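For reference, the chains in residue letters:
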Amino acid sequence: MSAACLDIRSLSAVLPNGQRVLRSVSLSVQPGEVRALVGESGAGKTMIGKAVLGVLPSSVRIVEGDMLLEGEDLGQLQPKARRTLIGARTALIPQDPLTALNPSRRIGPQMTDRLVRILGWSGERADKRIRQLLDEVQIRDPERVLKSYPHELSGGMRQRVLIAAAFAAEPRLIVADEPTTALDVTVQKQILRLIAQLQRDHGTAILFVTHDLGVVAKISQKVSVLYAGKVVEEADTADLFAAPQHPYTRALMAATPRYTDPLASLKPVDEAVLAGLAAEIATADQAWRQRHG
Amino acid sequence: MDEARIARRGVGPRLWLAGGWLLLALLAAIFAPLIAPQDPLAQDLMLERLPPFWLDGTEPGYWLGTDSLGRDLLSRLIFGGRIAFIVAFAAALAACLVGSALGLIAGYFGGWADRIISRVVDIWMAFPPVLFAILLVAVLGTGLSSVIIAIAVIDWTRFCRVIRAEAMGQSRMDYVENARIAGYGRIGIMLREVLPNVVPSIVALLSLEMGIAVIVEAILSFVNLSISTDDPTWGGIIAEGRLSIHQAWWVLVFPLITLILTVLSFSQFGEALKARFDPVLR
């Protein structure tokens, strides 16, 4: 088997007060595969994405573990080489399309800039590429969009632009950080379908961060369930939904609202399950402390 | 779209009125030798304290009257505008360059750079500005360049604080993080991504600062610390007018009106320009 597109091995990170925010996280994304990363807010999903992309907040420190991007160990590279590698092989589809585009620059230059300056393409080639991508995300009037400032476009339009920009440089891995959360419900579906479509067409691997199990079922082949910075279950998506192994996963599924009876179907996670999780994490932390003194 | 149009309509008259006055005053100052009806320094004790043109006992060619030495008030105001504008542009620009650069660095890089720059600003602002200016000019000696240096040295903090806050806010935006991921260098991001977004504020502040520089220059010449006493300055004329307020009110009132209009125009012009420059407001 060829090298994984992304391979995270037992990654741990701490805050300045010593609290662990990532607890020996291991996960891999194979080329062309979509791995969903689910968990409630604060579980560390976004943190993993940021760690991969090299934009962790300065307060968070990685204390253990390796991250391999197409077999290259990011931790072994010089900062500059790491930046170049990450810039060339990865891209982000961000959570909030409203702040992810520079408000004072037109869409066109903003999109081509990266291809020209980072990948060294000619302006003409970059322009052609961008138009092709805008067509793929079903933007029908590219002329107008390219000349627009971000605030002149709707949230859905901006997210389309960002998806186009993410795929434009043909990255091997895209981190999608809750790309539909900030959008209107009716737009969410379209955007999700677009990401799935482009993912298939381009064969790009995606690390898809979300808290929505419905989205997981639609888009991913593999899932990692995260709780308090720890992977509690990992499985093929189909298997996970057919037979969830961990009590927390089962509780999460039970907590998904159903349209037929939204209020009755909303069950909070059971106390016993939470107690079990707490015990599990305490054991893991103790083992970790013993290893690290 | 409609909102944008309404905003633009609101901007219109302000921009044109303020800009119009500034342009008029600026042109008058530049072409002062051609425009001024009299020599601003020529004294004529036969013509002392002539009233403005609509009152009795005026002399043709002395539109706004004369002061207690018989010097033409309009000519003195026009020539005084030269000093005012030179100081306004030079001092505001110097303060802007220093303050904005440091503010951008502090806001974008944060950490130690921010801590050091912010402490310096805090200490700087503890000095009362006008006293600081008077002290500086007393040390540097009077003269045009001293006045400009004094104003720049005092007021760079105004730019630094505002631009730091703006740059800090922009740096937290996702588009800056996106640029990081794409592999742009830190300085490149600061200049290409963050700077354009704080330019509208820099422009507004710059215009405001020009108005402030005009006031400070007037204050300094009011206390006779600006440039040589021979050259007419607005502050100097006001100081003289104060002495003869009961005999010739116009010597005080006209320079005051000129000063107020100019300072007001600078601040309004800045606000209107900001609205024009800012793509989100535009």
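Residues numbered from 1 in each chain as written. Chains lettered and ligands numbered in written order. Predicted model: local features only at pLDDT ≥ 70, side-chain atom pairs only at ≥ 80, totals over all residues. Heavy atoms only, no water.

By the naming in an unreviewed UniProt entry, chain B is Binding-protein-dependent transport systems inner membrane component, taken from Mesorhizobium amorphae CCNWGS0123. You can read under Sequence similarities (unreviewed entry) in the UniProt record for chain B the words "Belongs to the binding-protein-dependent transport system permease family." UniProt's Subcellular location (unreviewed entry) comment on chain B is quoted here verbatim: "Cell membrane". (UniProt positions renumbered as here; feature names shortened; annotations may be inferred.)

An unreviewed UniProt entry annotates chain A as ABC transporter of Mesorhizobium amorphae CCNWGS0123. Looking at chain A in UniProt, the text filed under Subcellular location (unreviewed entry) is "Cell inner membrane". Check the Sequence similarities (unreviewed entry) section of the UniProt entry for chain A; it says "Belongs to the ABC transporter superfamily."

## Quick notes on the overall build of chain A
In terms of helices and strands, chain A carries 12 helices and 10 strands. A compact globule built from 293 residues should have a C-alpha radius of gyration of about 19 Å, and chain A, at 20 Å, falls within 12% of that. Overall, chain A is about 60 × 55 × 40 Å in size when its C-alpha atoms are taken along their principal axes. Taking all 293 residues of chain A together, 51% fall into the buried category. A sequence separation of at least 24 residues applies to 66% of the contacts in chain A between residues at least 6 apart. A total accessible area of about 13,700 Å² is found for chain A, and carbon and sulfur atoms account for 52% of it. Of note, chain A has its 36 positive side-chain charges centred 4 Å away from the centre of its 32 negative side-chain charges. (Helix = DSSP H or I, 4+ residues; strand = E, 2+ residues; numbered from the N terminus. Rg over C-alpha atoms; globule rule 2.2 N^0.38 Å. Buried < 20%, exposed > 50% of the residue type's maximum accessible area, 1.4 Å probe, protein only. Contact = heavy atoms within 4.5 Å. Areas by Shrake-Rupley, 256 points an atom, 1.4 Å probe, with all protein chains shown as cover. Lys, Arg positive; Asp, Glu negative; His and termini not counted. Charge placed at Lys NZ, Arg CZ, Asp CG, Glu CD.)

## Some words on the pattern of salt bridges
Under the criterion given, the structure shown has 26 salt bridges over all chains. Between D155 of chain B and R158 of chain B there is a salt bridge, and its shortest N-O distance comes to 3.2 Å. Residue D155 of chain B and its partner R158 of chain B are located together in helix α6 (residues 144-171), separated by three residues, close to a single helical turn. The exposure class of D155 of chain B is buried, given its relative accessible area of 6%. One network of salt bridges, in which partners are shared, links R105, D113 and R117 of chain A together with R192 and E193 of chain B. (Salt bridge = Lys/Arg side-chain N within 4 Å of Asp/Glu carboxyl O.)

## Examining the UniProt feature "transmembrane region" (unreviewed entry) in chain B
UniProt's feature table lists "transmembrane region" (unreviewed entry) at residues 15-36, 83-110, 130-154, 202-227 and 247-266 of chain B, given in the numbering used throughout. Taken end to end, residues 202-227 of chain B has its terminal C-alpha atoms 29 Å apart, with 81% of it in helix and 0% in strand.

## Regarding the pairing of strand β6 (residues 90-93) of chain A
Residues and elements named next belong to chain A. With burial as the criterion, each face of β6 is covered, one bearing T90 and L92 and the other bearing A91 and I93. The pairing of β6 with strand β7 (residues 173-177) spans four bridges and is parallel. Looking at the pairing, T90 lines up with L173 of β7. (Pairing = 2+ DSSP bridges.)

## Notes on the nonpolar core
By size, the foremost hydrophobic cluster in this structure holds 44 residues, and its most contacted members are L73, L104, V214, L259 and F266 of chain B. Breaking this core down by element, the ones donating at least two residues are α1 (2-30), α3 (73-109), α6, α7 (174-182), α8 (186-222), α9 (234-243) and α10 (250-277) of chain B. The contacts of F266 of chain B, once residues within four sequence positions are left out, are L22, F85, A88, S207, L208, M210, G211 and V214 of chain B. Grouped together as the second largest cluster of nonpolar side chains are 40 residues, L115, L134, I163 and I191 of chain A included. (Core = buried A, V, L, I, M, F, W, Y, C linked by side-chain atoms within 4.5 Å.)

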